[in-house]
Amino acid sequence: MVNAQVVSKKDLVVVEKYFFLGTERYRVNVTGTNIVVNVRAGSEEEAVEKALEILGKIRLTDQALEKLRKTSKNQ
C-alpha cells in the first residue's frame with residue numbers, strides 16, 4: 001500500500017467551542033464534508049492538532065477526502 005498524505009490543517013476549521021462537564025471542548029469540521037471531530041483541548045490550535053491525530057488514525061487521506069467531496073456534491 002502506498003503511503004498517502006493524510007488531511008492537513010488547511011482542510012480543518014473549528015466550528016464551535018463549548019464547555020461540557022467543566023472541560024473545554026471543540027468541534028472541528030473537515031471542510032467540504034459533514035465530518036465533525038469533537039475533541040477536548042485548551043486552545044483552537046490544540047483542537048486542530050488532536051483532530052488531525054484522530055483523522056490520521058482512521059486514515060482519512062487527501063485522496064479519500066476528494067472522493068467524499070465529489071460524492072457529497074453529486075447528492
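Note that the coordinates shown come from a computational prediction; the quantities given were computed from them, not determined experimentally.

Reading the values: the criteria
Residues numbered from 1 in each chain as written. Predicted model: local features only at pLDDT ≥ 70, side-chain atom pairs only at ≥ 80, totals over all residues. Heavy atoms only, no water. Buried < 20%, exposed > 50% of the residue type's maximum accessible area, 1.4 Å probe, protein only. Helix = DSSP H or I, 4+ residues; strand = E, 2+ residues; numbered from the N terminus. Pairing = 2+ DSSP bridges. Axes fitted to C-alpha atoms, helices over the stretch in contact; angles between N-to-C directions. Phe/Tyr/Trp six-rings, centres within 6.5 Å; stacked < 30°, edge-to-face > 60°. Lys NZ or Arg CZ within 6 Å of the ring centre and 35° of its normal. Salt bridge = Lys/Arg side-chain N within 4 Å of Asp/Glu carboxyl O.

Undergrad: Sorry if this is basic, but what is going on with unusual backbone geometry here?
TA: Working note: non-glycine residues mostly have negative phi, and peptide bonds are mostly trans. A positive phi is found at Leu 21, a non-glycine position, where the angle reads about 50°. Residue classification places Leu 21 among the exposed residues on the basis of a relative accessible area of 74%. Unusually for a residue other than glycine, Arg 59 sits at a positive phi of about 60°. If you trace the backbone, Arg 59 turns up in the loop between α1 (44–57) and α2 (62–74).

Undergrad: I tried to follow the sheet that holds strand β1 (residues 12–20) on my own but got confused; where do I start?
TA: For sheets, the rule is that strands pair by backbone hydrogen bonds, running either parallel or antiparallel. An order of β1-β2-β3 is seen for the three strands of this open sheet, with the pairing classed as antiparallel. Lying at the two open borders of the sheet, with one neighbouring strand each, are β1 and β3 (36–40). Put simply, the sheet's adjacent strands are angled 25° from each other on average, direction ignored. As paired elements, β1 and strand β2 (residues 23–30) share eight bridges and run antiparallel to each other.

Undergrad: Any chance you could explain the packing of aromatic side chains here in plain terms?
TA: A ring pair, where both rings are aromatic, is described by two values, the distance of the centres and the angle of the planes. Here the structure, examined in full by the defined rule, presents zero aromatic pairs. Directly above the ring of Tyr 18 sits Arg 27, whose terminal nitrogen or CZ lies 4.3 Å from the centroid.

Undergrad: What am I meant to see in the pattern of salt bridges here?
TA: Within this structure, the stated rule accounts for nine salt bridges. With its nearest N and O atoms 2.7 Å apart, the salt bridge here joins Lys 9 to Glu 45. With Lys 9 in the segment before β1 and Glu 45 in helix α1, this pair connects stretches of sequence that are 36 residues apart. The class for Lys 9 is partly exposed, based on a relative accessible area of 41%.

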